[in-house]
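Next come the chains, spelled out residue by residue.
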Amino acid sequence: MESYVHQKDGIFKSVCSLDCPDQCGLLVHKKDGKIVKIQGDPDHPVTQGNICNKVRNMTERIYDPKRLKTPLKRTGPKGSATFEPVSWDEAIETIRTRWTELIEKEGPESILPYSFYGNMGNLTAEGMDRRFFHRLGSSRLERAICTPAGSVGYQYTMGGSIGTDPEDTTETKLFVFWGINAVSTNMHQITIAQKARKNGAKIIVIDVHKNQTGRMADWFIPILPGTDSALALGIMHVLFAEGMADETFLKEYTVGHEELRRHVLQYDPDTVAAITGVPREDIVELARLYGRTSPSLIRIGNGLQHHDNGGMIVRTIACLPAITGQWTVKGGGAIKGNTAFLAYNTKALQRPDLLNGRTPRVINMNQLGKALLEIDPPIRSLFVYSSNPAVVAPEANKVRKGLEREDLFTVVHDLFLTETARYADIVLPASSAFENTDFYTSYWHHYTQLQRPVIEKYGESKSNSEVFRLLAEAMGFDDEPLKDSDEEMIRQALDYPANPWLDGIDFDSLSEKHFVKAKRKAIFPERLPTPSGKIELYSKKMEQAGYPALPTHTPLLETGEYPFLFVPGPNHNFLNTTFSNNEKHIKLEKEPKLHINTKDAEEKGIENGDSVKIRNDRGECVLTAAVGENVLPGVVVSQGLWADKDGKNYLVNALTPDRLADMGGGATFFSGRVQIEKMD
Ligand SMILES: Nc1nc2c(c(=O)[nH]1)N[C@H]1C(S)=C(S)[C@@H](COP(=O)(O)OP(=O)(O)OC[C@H]3O[C@@H](n4cnc5c(=O)[nH]c(N)nc54)[C@H](O)[C@@H]3O)O[C@H]1N2
Ligand SMILES: Nc1nc2c(c(=O)[nH]1)N[C@H]1C(S)=C(S)[C@@H](COP(=O)(O)OP(=O)(O)OC[C@H]3O[C@@H](n4cnc5c(=O)[nH]c(N)nc54)[C@H](O)[C@@H]3O)O[C@H]1N2
Ligand code: SF4
Ligand SMILES: [Mo]
């Protein structure tokens, strides 16, 4: 396959590999064989030449002298980051020996792979790795740290990850950004909304924190954490009561609208105001604005689903566009995710047949600490790639205690010596996305994109595909799928007649055009992939699974002695922990802050700029107070997953619960309670 590696100078098309809905098309500028500049591809219909600051400053990360060049072997105590360089042969042979022993003594389920989307490339994130671990028969990981609660909730209503085409939202007249900090996390949806605003569109933001996104809204609506389903039900109450429902659409394309109409009578504006903290007049005004503006779009964010009741919240909000019939209006509807349009042949890519009939145990990644410390039979070896669980996973103190286990054989494959890698026995250097072949499918826009290697591999680094091919060979697995090339895997994955939207997207069309759009048709009058084929306002499937069949407000679970709800979200200049070690990005972000309401701060004697200890039974961390009206009383908010730094304790996940959300085994990062106090 054509690669740009040997062209020393020029401008080359590429893709942003980060876990971001925008999945930008990039232009990579090379001089003397090195990347000198990264810009947005002006030809990419969604990127339109604009990218975020994070990736404009990516070059430094690619050539960061801290990048891993060779495999490393531990020489000191776990966590002390004392290593010596070793050859790939020695590293792979060490893994082979340990694993062969373990498999003989305790079986392959004593080995646990742990990974996420540090690189969204489908081969990197769920390709040869899955084939290898299926063949090995290791424990399986439920990759539930990000979206599953909301995805399952949305599916109950809509049947799949099916939303509005973002490119159609240029025509939208009302944008509701609901639990999403889109200025930081979905900037091209903001660009479109800002353009639409020039044609009279309004922007509403519903959030627990008046952050970058709240500040640019026409109307910012603060809400108490975990109460959004009540607000959505209150809006439905007013829509039905004031005759703003689209009866024709409801009859044609939904089930359960009569039941829902009766059910929401109980969610009158006064009741909802008491639950949500949103004043009754605002609830009524919001419902009227929503009911009378068309096209209207709800951008459903990930902040909503990181709660005990996150699935139900998203399930409930997803009912709103059906009530106003917005799904048949161009630019109307909702976007939670859009993966269904670009669904490819995961079976062909991941080859679950290599399990050979075995069904190894499944471990939820949100409970890594528990898994390392408590489960029986124990995990004896952990293989971490494309993720940094020592910082990103909940109950971080438990996770780190698990990683400290002397008998745990840990391998980490990453570009950097992350907080997790510091605990490893063997560290393997990973190549960056610009050094690999891969294909990308956005979870927001409708383009599939091809990545070809732009530069030489850094040092001795290897891609995920290469590492798992090597391991397969070392383990003596001679199954053909473990030898497929990257190009072969892409061809297999895109051969998927079951998804008609993917028609015309294959390796050859991507090679020629770099990005190709899904062949999307109108959602209706087609059948939805729900059991009834319609939007399920009433869901028998939910009833069978033990949930209320109608959208319902369910409260958060943690109560008791800790007075504040703690919402530790991501920040603007990092991407999860990626960039949290880059000087430029840290400088822009300054320091980790804790947003506190003025009233609470006064009661606690805390002033702006004070160091504040945040604690609960799970752990503690110390952040800098930002006092004001950006959060409601009783709520404290931080931004960013900060790196371990010179004795500073910024580890917000020391406080977050490892309870699972109501649906999909999702995380509950934002449903924990804490106490705060001024440090001396
Ligand atoms: N710059 C940047 N971009 C990113 C990331 C990053 O770290 N940095 N991470 C990427 C990833 S992996 C993801 S999943 C997405 C996440 O990006 P988003 O979808 O924006 O999700 P979050 O930032 O987790 O939360 C969004 C908002 O929800 C609010 N929130 C929390 N609880 C509630 C609630 O109960 N009700 C309401 N209404 N609001 C609530 C938070 O205050 C926050 O402003 O962004 C991706 N893009
Ligand atoms: N408190 C709190 N915790 C959270 C969240 C939150 O909002 N609040 N958000 C959660 C969410 S939504 C998510 S998605 C997770 C994200 O958690 P992670 O997926 O762990 O994300 P990152 O911290 O960016 O770590 C990705 C790692 O992959 C490495 N990497 C990049 N490319 C490659 C590659 O090609 N190969 C290999 N082997 N490694 C590579 C990077 O260098 C980086 O160290 O965090 C979760 N944790
Ligand atoms: S992080 Fe998101 S906005 Fe930034 S370049 Fe990548 S895809 Fe685009
Ligand atoms: Mo995420």
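Each value, and the rule that gives it
- Every chain is numbered on its own, with residues counted from 1 as its sequence reads.
- Note on labels: chains are lettered from A, ligands numbered from 1, in written order.
- Note on the predicted model: pLDDT of at least 70 is required for a residue's local features to be given, and 80 or more for side-chain atom pairs to be given and counted; whole-chain, interface and lining totals, by contrast, use all residues.
- Side-chain calculation: all heavy atoms of the structure are included, whereas hydrogens and water are not.
- Put simply, a residue is near a molecule or strand once any heavy atom of it comes within 4 Å of that molecule or strand.
- The distinction between a cavity and a pocket rests on a 1 Å grid over the protein atoms alone: a 1.4 Å probe fits inside a cavity but cannot get out, while a pocket stays open yet meets protein on both sides within 12 Å along at least five of seven lines, and a residue with an atom within 4 Å of a point counts as lining.
- A cavity or pocket is said to hold a molecule if more than half of that molecule's atoms lie within 2 Å of its grid points.
- Any two strands are treated as partners once DSSP identifies two or more bridges connecting them.
- Segments assigned H or I by DSSP are reported as helices when at least four residues long, segments assigned E as strands when at least two residues long, and all are numbered from the N terminus.
- Orientation is described by lines fitted to C-alpha atoms, with helices fitted over the stretch in contact, and by angles between N-to-C directions that extend from 0 to 180 degrees.
- Contacts are assigned to residue pairs that have any heavy atoms within 4.5 Å of one another.
- Any angle from 65 to 115 degrees is called roughly perpendicular, while one under 35 is roughly parallel, one over 145 is roughly antiparallel, and all others are oblique.
- For a crossing to be left-handed, the near helix must be turned anticlockwise from the far one by less than a right angle; the clockwise case is right-handed.
- When residue character is reported, Ala, Val, Leu, Ile, Met, Phe, Trp, Tyr, Cys and Pro are called nonpolar, Asp, Glu, Lys and Arg charged, and the others, Gly included, polar.
- A pair of Phe, Tyr and Trp rings is counted when the ring centres sit within 6.5 Å of each other, with Trp represented by its six-membered ring. The angle between the planes then sorts it: under 30 degrees is stacked, over 60 is edge-to-face, the rest tilted.
- Exposure categories follow from relative accessible area, calculated using a 1.4 Å probe and restricted to protein chains: below 20% of the type maximum is buried, above 50% is exposed, and the middle band is partly exposed.
- Distance and chemistry together define a polar contact, namely a pair of N or O atoms within 3.5 Å, with one atom able to donate a hydrogen and the other to accept it when in protein, and with adjacent residues in sequence counting only for side-chain atoms on both sides.
- A 1.4 Å probe and the Shrake-Rupley method give the accessible areas. Residues count as covered only by the protein chains that appear here.
- Multiplying one less than the number of residues by 1.5 Å gives the expected span of a helix.
- Grid points are joined across faces, edges and corners, and a volume is the space filled by probe spheres set on the points.
- Domain start and end points were adopted from an automatic or database domain assignment.
- For this analysis, a nonpolar core means a set of buried residues of the types Ala, Val, Leu, Ile, Met, Phe, Trp, Tyr and Cys, connected via side-chain atoms within 4.5 Å.
- Simply put, the buried area is the total loss of 1.4 Å probe accessible area from both parts when two parts are fitted together.
- Every case where a carboxyl oxygen of Asp or Glu lies within 4 Å of a side-chain nitrogen of Lys or Arg is listed as a salt bridge.

Attention shifts here to the site of ligand 3. In the vicinity of ligand 3, the contacting residues are Cys16, Cys20, Asp22, Gln23, Cys24, Ile51, Cys52, Lys54, Val55 and Met187. Comparing atom positions with the cavity grids shows ligand 3 to sit within the largest cavity.

This paragraph deals with the sheet that holds strand E3 (residues 34–40). The strand order across the open sheet built from three strands is E1-E2-E3, with neighbouring strands paired in antiparallel fashion. Each having just a single partner strand, strand E1 (10–15) and E3 make up the two edges of the open sheet. Adjacent strand axes in the sheet meet at a mean angle of 30°, parallel and antiparallel pairs treated alike. Where E1 lies against strand E2 (residues 25–31), six bridges are found, and the strand directions are antiparallel.

Another aspect to go through is the sheet that holds strand E12 (residues 296–300). With respect to topology, five strands assemble into an open sheet ordered E10-E9-E8-E12-E13, the strand pairing being parallel. With partners counted over all chains shown, the strands left at the sheet margins are strand E10 (219–222) and strand E13 (333–335), one partner each. The mean inter-strand angle of the sheet, taken between neighbouring strand axes irrespective of direction, is 15°. Lying on the sheet, helix H10 (residues 228–241) is in contact with strand E8 (174–178) and strand E9 (202–207); it crosses E8 at an angle near 150°.

With that settled, consider the packing of helix H5 (residues 128–136) against helix H21 (residues 464–474). Between H5 and H21, the shortest axis-to-axis distance is 8 Å and the interhelical angle comes to 25°. The angle between the axes of H5 and H21 places the two elements in the roughly parallel class. When you trace H5 past H21, the crossing you get is left-handed. Where H5 abuts H21, its residues Met128, Asp129, Phe132 and Phe133 lie against Ser465, Phe468, Arg469, Leu471 and Ala472. Taken together, the residues that form the contact of H5 with H21 break down as six nonpolar, one polar and two charged.

In this section: the packing of aromatic side chains. According to the stated counting rule, one finds 24 aromatic pairs in the structure shown. For the pair Phe132 and Phe133, a centre-to-centre distance of 5.1 Å together with 75° between the ring planes defines the contact as edge-to-face. On the basis of relative accessible area, Phe132 is assigned to the buried category, the value being 0%. With centroids separated by 6.1 Å and ring planes inclined at 80°, the aromatic side chains of Tyr447 and Phe515 adopt a geometry described as edge-to-face. Taken together, the positions of Tyr447 in strand E19 (residues 447–451) and Phe515 in strand E20 (residues 515–517) put the pair 68 residues apart, joining distant regions of the chain. Taking the relative accessible area as the measure of exposure, Tyr447 reaches 6% and is therefore buried. Phe515 sits in the buried class, given a relative accessible area of 15%. A network of ring pairs unites the aromatic residues Trp99, Phe132, Phe133, Phe383, Tyr385, Phe468 and Phe477 as a single cluster.

Okay, the site of ligand 2 next. Taken together, the neighbourhood of ligand 2 is formed by 34 residues, with Asp414, Asn464, Pro568, Thr577 and Thr578 sitting nearest. At 2.8 Å, a backbone N or O of Asn388 approaches an oxygen atom of ligand 2. The backbone of Leu575 places a nitrogen or oxygen atom 3.2 Å from an oxygen atom of ligand 2. Contact with the protein chains hides 96% of the accessible area of ligand 2, taken as 910 Å² for the molecule alone. Secondary-structure elements contributing two or more residues to the shell around ligand 2 are strand E16 (409–414) and strand E22 (564–569).

The α-helix advances 3.6 residues per turn, and as a result positions three or four apart in sequence lie on the same side. Taking 1.5 Å per residue, 14 residues should reach 20 Å; H10 reaches 20 Å between its end C-alpha atoms and fits that length. For H10, the buried fraction is high: 13 of the 14 residues fall into the buried class.

A word on empty space enclosed by the protein. The method is simple in principle: a probe with the dimensions of a water molecule rolls over the atoms, and the space it marks as empty is what remains. The full count for this structure, using the stated rule, is three cavities of 30 Å³ or more. Size it by volume and the largest cavity reaches roughly 120 Å³. For the lining of the largest cavity, the secondary structure elements donating two or more residues are helix H1 (53–56), helix H7 (182–185) and helix H8 (187–198). Split by residue class, the lining of the largest cavity holds 10 nonpolar, four polar and two charged. Counting the residues that make up the lining of the largest cavity, at least three belong to each of domain 1 (4–63) and domain 3 (164–336 + 525–545).

In this model, Ser294 is joined to Pro295 through a cis peptide bond whose omega is -5°. For Pro295, the position within the fold is in the loop between helix H14 (280–292) and E12. Here the residue pair Phe524 and Pro525 is connected by a cis peptide bond, since its omega of 10° sits within 30 degrees of zero. In this structure, Pro525 sits in the loop between E20 and strand E21 (535–536). One non-glycine residue, Gln23, lies in positive phi territory at about 30°. Tracing the backbone shows Gln23 in the loop between E1 and E2. Even without a glycine there, the phi angle at Asp646 is positive, about 25°.

Turning our eyes to something else, we now look at the environment of Lys398. Residue position: Lys398 is located in helix H20 (residues 396–404). Residue Lys398 is classed as partly exposed on the basis of its relative accessible area, which comes to 22%. Through-space distance from the C-alpha of Lys398 to that of Asp617 is 12 Å; in sequence the pair is 219 residues apart. Beyond its immediate stretch of four places on either side in the chain, Lys398 contacts Gly369, Lys370, Leu373, Glu374 and Asp658.

This paragraph deals with the nonpolar core. Soluble globular proteins: nonpolar side chains tend toward being buried together. Trp99, Phe132, Trp178, Phe383 and Ile676 are the most contacted members of the largest nonpolar core, which totals 178 residues. Those residues in contact with Trp178 that sit more than four places away from it in its chain are Ile206, Asp228, Leu231, Ala232, Ile235, Ile298, Arg299, Ile300, Gly301, Leu304, Ile317 and Leu320. Judged by nonpolar contacts, the second largest core, of 19 residues, contains Val46, Phe177, Ala196 and Ile335.

With that out of the way, let us pick up the domain arrangement of the protein. What the domain assignment reports for the protein is domain 1 (4–63), domain 2 (72–142 + 343–431 + 458–481), domain 3 (164–336 + 525–545) and domain 4 (564–678). Each of domain 2 and domain 4 has a C-alpha centre, and these two points are 29 Å apart. Contacts between domain 2 and domain 4 engage 17 residues on the former and 19 residues on the latter. Carbon and sulfur atoms make up 48% of the surface buried where domain 2 meets domain 4, a total of about 1500 Å² over both sides. The three residues of domain 2 that bury the most area against domain 4 are Asn366, Val391 and Glu395, which together make up 31% of that side's buried surface.

A side chain of one charge can pair with a side chain of the opposite charge if their charged atoms are brought near each other. Counting across every chain of the model gives 41 salt bridges. A salt bridge links Asp479 to Arg135, with the nearest nitrogen and oxygen atoms 3.0 Å apart. Taken as a pair, Asp479 in the loop between H21 and helix H22 (486–494) and Arg135 in helix H5 lie far apart in primary sequence, 344 residues in all. What makes Asp479 partly exposed here is its relative accessible area of 22%. On the basis of relative accessibility, which here comes to 25%, the residue Arg135 falls in the partly exposed class. Of the charged contacts, one joins Asp658 and Lys398 as a salt bridge, the two residues approaching to 3.5 Å between their closest N and O atoms. Of this pair, Asp658 sits in the loop between strand E26 (635–639) and strand E27 (672–678) while Lys398 sits in helix H20, and the two are 260 residues apart along the sequence. Since its relative accessible area comes to 7%, Asp658 is described here as buried. A cluster of three or more residues bridged by salt bridges with shared partners is formed by Arg74, Lys78, Glu406 and Asp425.

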